Structure formats: C-alpha cells, structure tokens
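In case you want the letters, here they are:
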Amino acid sequence: MTTLKVGDFVWAKMTGYPYWPGKIVEEDKDVKKPKGKSEMHYVRFYGTGDHAWTKVELIKPYEENKETFSVANKRPNFIDAVKEIEHASERRGKGIPDTSSEEEESEDENGSDDEPLSKHAKITSKKAEKTTKSTPKRRKQPKKQNYPSREQLTLHHHDLSHYLLTRSLENNTPQNAAHKPSSYNRFSSDTPDIKLPSSRRSPDTTADADSTTQYIPREVMATDKKIGFIGLGIMGSSMARNLVETGHDVTVWNRTQDKCTSVIKAGAKQGSSPADVVQQCDIIFSCVADPNAVRDIVIGNYGVLQGMSSGKGFVDMSTIDVDTVKEIAEAICMRGGRYLEAPVNGSKKEAEHGQLVILAAGDRSLYMDCYSSFEAMGKKTFFLGELGNGAKNKMIMSMMMGSFMASISESLSLAEKAGLDQYTLLEILNMGALSCPLVKSKGAAVLEGHFPANFPLRHMQKDLRLGLQIGEELEQPLHIAGASNELYKRSKAMGYGDRDMACVYRAVNA
Ligand code: NAP
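Residues numbered from 1 in each chain as written. Predicted model: local features only at pLDDT ≥ 70, side-chain atom pairs only at ≥ 80, totals over all residues. Heavy atoms only, no water.

## As for the overall build of the protein
- Secondary structure summary: the protein contains 20 helices and 16 strands in total.
- Counting every position in the protein, which comprises 510 residues, the buried fraction comes to 55%.
- Long-range pairs, those at least 24 residues apart, make up 71% of the contacts in the protein between residues at least 6 apart in sequence.
- Carbon and sulfur atoms make up 52% of the accessible area of the protein, which amounts to about 22900 Å² in all. (Helix = DSSP H or I, 4+ residues; strand = E, 2+ residues; numbered from the N terminus. Buried < 20%, exposed > 50% of the residue type's maximum accessible area, 1.4 Å probe, protein only. Contact = heavy atoms within 4.5 Å. Areas by Shrake-Rupley, 256 points an atom, 1.4 Å probe, with all protein chains shown as cover.)

## Focus on the site of the ligand
- Neighbouring the ligand are 28 residues; Asn254, Thr256, Lys259, Ser347 and Lys462 lie closest to it.
- Contact distances for the ligand include 2.8 Å between a nitrogen atom and a side-chain N or O atom of Asp296.
- Between the ligand and Arg458 there is a distance of 3.2 Å, counted from an oxygen atom to a side-chain nitrogen or oxygen.
- Look at the ligand: alone it shows 890 Å² of surface, and the protein chains cover 92% of it.
- The set of elements that each furnish at least two residues to the shell around the ligand consists of α6 (234–245), α9 (291–299) and α18 (457–474).
- For the shell around the ligand, the per-class residue count stands at eleven nonpolar, ten polar and seven charged.
- When residues of the shell around the ligand are sorted by domain, at least three fall in each of domain 2 (226–364 + 375–389) and domain 3 (393–508). (Near = heavy atom within 4 Å. Polar contact = N/O pair within 3.5 Å; in protein donor to acceptor, adjacent residues only side chain to side chain. Nonpolar A, V, L, I, M, F, W, Y, C, P; charged D, E, K, R; others polar. Domains from an automatic or database assignment.)

## Here's the deal with the environment of Leu414
- Along the chain, the position of Leu414 falls in helix α15 (residues 389–417).
- We classify Leu414 as exposed; its relative accessible area is 59%.
- Remark: the alpha-carbon pair of Leu414 and Val508, spanning 94 residues in sequence, is separated by 9.4 Å.

Written out as structure tokens, the structure reads:
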C-alpha cells in the first residue's frame, strides 16, 4: 500500500459520496480527530473547501487512480473539483506552490451550506480565517448568484438545477425575461378565482418547489385599506414586499426586528408590536412558523387581540392545525374582528414573484376585502368555505410532498449505493412521468449537497405531524406519511431543521 503524506494529491471518499479530489493537509488543531482505531489523514477537498478526517483505506493516490475516478461522475461541482486539482498539480509540476487549498473562497456566501463531503466528519469552514494569513492570495472569483433577482424571471440557481430546468423551459421560456416589474405590475398566469367557492375546480399543480410557471404581467389596483403584516420570515418578507410594491399602505412587525429592514426600505412602516400594527391597520396578515408562534402573536403580550376592534380583519397565512385556526378565530371574533385563514402553496420563489396559491376559508366579507392583497401575493386564490378547510387542504398537500421528497431521497440514496450515477438517474427521471418542479429542484439540491432553506425542514416535519393528527382523528391509515415523518424527525435531530426539506436525504443516506 502506498504511504501517503501531507501534501499528496488524493482521491478521498466519505460514506454515501463518490471519491472526490483532495489533498492531505496538516491537521487543524481545532478539529478533533474522530475516536476509533483507524488510521486517518486530514484531507482538504477541492471544489468545496471542506476539510475532513478520512480513513486511510478510503484515500487513494491521485495520479494512479485518475482514470478510474475522474470519469465516474458528471456532476458540475465534481468536474470543477477535478479541474482545480489538475490546475494545482500542473502548477506543482512547474515548481509553483499550490496555495489553492488554503485560499479558495466558498461559493456559499454564508459559508453555512453543505457540500457533498460534509458528513460523518468534523469539517471546518476556515476560509475566512485563512485568507487573513500572509500567504500569497489567489484572486477571488466572483461569487455565483444562487438565486435570481426579483427581475430575473428564469428560475435557475445553480448550474445543475439550471440544466435540469432548462429541459422543461425550452418551450416555455418567459418572453419578457428582461421585463422589470413596475410598482403596479404583478406576474400571474391566471386571474384569481375570487367569485366562486371553488373546491370543485381542477386543482392547481404548483408544488412547494421551484416552478416553471411563465410569468405574465398583471395590473393590481391596491385597496385604500391600511394593511398590516406580521412575520417576515422566508415567506412573509416577500409577501409583504409584494404588497408594498403593488401600492398598498403597509405596516410591518417581526419578532426579530432586523428582518424588517428590507421591507421598510421598500416603503413599509414599522409597527412597534402586533397590537400596534392592528391598531394602525384595517386588515392584518400574518405568516409565522407554527401554531405556537400564531398563539404568541395573537394572544401574547401586546398581541393582535389587544389591538383588535370591530370591523378589522385578521388573515393568518401560516400553516397551522384546524384546532388552532378555530381557537384564534373565536378570540378575534369575540373582539368584534373578522377572521380568515389563508395558508399558501408555493415556496420562496413563488412568494418572491407573487405566484403563491392561496387557500382561503372563513369570513367571506374579509375574503372579498383582501382581493388586491391576494392579487399582489398570489397567482390564484381559492375560497374553500368553512373555517379549517384551508388548513386541511394545505396539510394534505404538504404531507404528500413531504412523503414524495422522502421517496426521492431513498431512491437517490439506493441508486448511489447500487453504484449508479445519480445525476444520470435524475436526468432519466426528468424525462418521464415523474418530471416535476419538486424532482428537478430538490433532486438538484441533493446531488449538489446544497440545501439553502426554501422550505425549512422543520416546517415540513411540522406539516407532516399536523397531517398525521388529522389522520388520527379520522382513523385514516397514513403509513407512508408516518414513515416519512420519522425520517424528517431524524433529520431534525441530526441538526438539519433550518436547512431545506430536501436535507431529509441526509437522514436516509446516513
Ligand atoms: P421562517 O422563515 O422560519 O419564518 C418564521 C417566522 O415566524 C419568522 O418571522 C419568525 O420570527 C416568526 N416566529 C417564529 N416563532 C415566533 C414566535 N414565537 N413569536 C413571533 N414570531 C415568531 O418560515 P417561513 O418559511 O417564512 O414559513 C412561514 C409559514 O409559512 C410556516 O407556517 C410554513 O409552514 C408556511 N409555509 C412555508 C413555505 C416555504 O416554502 N418556506 C411554503 C408554504 C408554507 P423571527 O424572524 O423572529 O424568527
């Protein structure tokens, strides 16, 4: 067996991932070596900038194994990693020291996201520290833009997802990609169903994932009612901004005040508490994490109830259970207010583009008063009748999506263990009946090992839990959703709650 030493170029493998180009480097004293008898080297991986303790039996000399490993993988980030090690090797051949392993900047702005080799080992993201050392600096590469600006109407965020998406966009490229939404223009493929109770209409197929919807500008005539918005997380921040940008008079509040900044810059006013927002406004929307969060903003100190008075409307757009919906509705009505539940289908990008599907139920007069607000936030609004129907519809759809994602994860994991190329498998999948935005965007996330939260995993687990509760009450067996829920629980316990729901793959592939 070849003896390897610091400085050697190698192929190194972490469980669940293919052999990846790397270099044996000096160990980082801050990163504890995992316990066990196995001999290990500290490896720095090209392309990702990650470091990991790796067992010697999973490390192979680079040159001797190049032919075997470099052709076994077609992922763009793998190809980049191979280019990088080749470049380093060439420089070494010319006597130029290889500094790339110490100085490369991460693609991920936050440095917090995963790369394919970030499991089962303590991994450091020391790039920020290392760039302060006095070693020669490589010129920084411009950072890749992970997400499109609001003006960009194509939905690619990475090379791979772009590749997968372009296949379906080929015949559906937005005509006006350069079009910049003006204050009163929204993008919609349809006019909202505002007149009819529409549970009998054909369901909208938009998944909580990047969609390939074509955006067509539409006018929004903003109501002159004063609008409040409570909860500026991933969804709420874009929803509130769309309200402002379509000419609504908006006052916002968020528990963590910093998150108000961008919406205030866009033209919203700042409320000092939920009660203050309610006092200043006629219709108040909220979009917060879960049932407890809704209770906190409504019943808590300086909560919605304290500002509520006759005629005002409260519209909760969070995904919560039917009991909480009814409890909050009752409390609001006791104060003379009106209540509407309006959970949404669609994820971060749909929220950004005003393309959500809104599932409203409850007070119909309030629903009618929300017309322009819903137009600003969504492409389609359903009025589903009695209170609780919004929550039930949302939960059932979310449950289906969570189970499907768990199944995609299992399949991709099995493919990898069976020695198949996951990339090719996904490409084939996307040419068949299962091709859909969920498979494309989340499949790409899995293959890239990149899980920025569009739909945080903890919210998906919450939705599954609440969906299972409905099944429990109605004695409906939900074997698949139940098993999926366990996987999401496990992923949460592994620390992936704040990553995207696609990170359930990590629990499956552990
Ligand atoms: P998020 O980014 O995690 O934001 C959660 C929001 O809730 C933040 O504004 C947070 O305030 C607030 N919050 C949490 N606990 C609170 C408490 N105890 N008191 C007051 N405020 C509290 O979540 P999100 O993705 O925007 O999702 C919001 C809701 O929409 C959830 O019910 C989710 O299930 C649903 N939804 C999400 C998606 C999606 O793709 N993301 C899609 C459909 C539906 P801080 O900023 O202070 O933490």
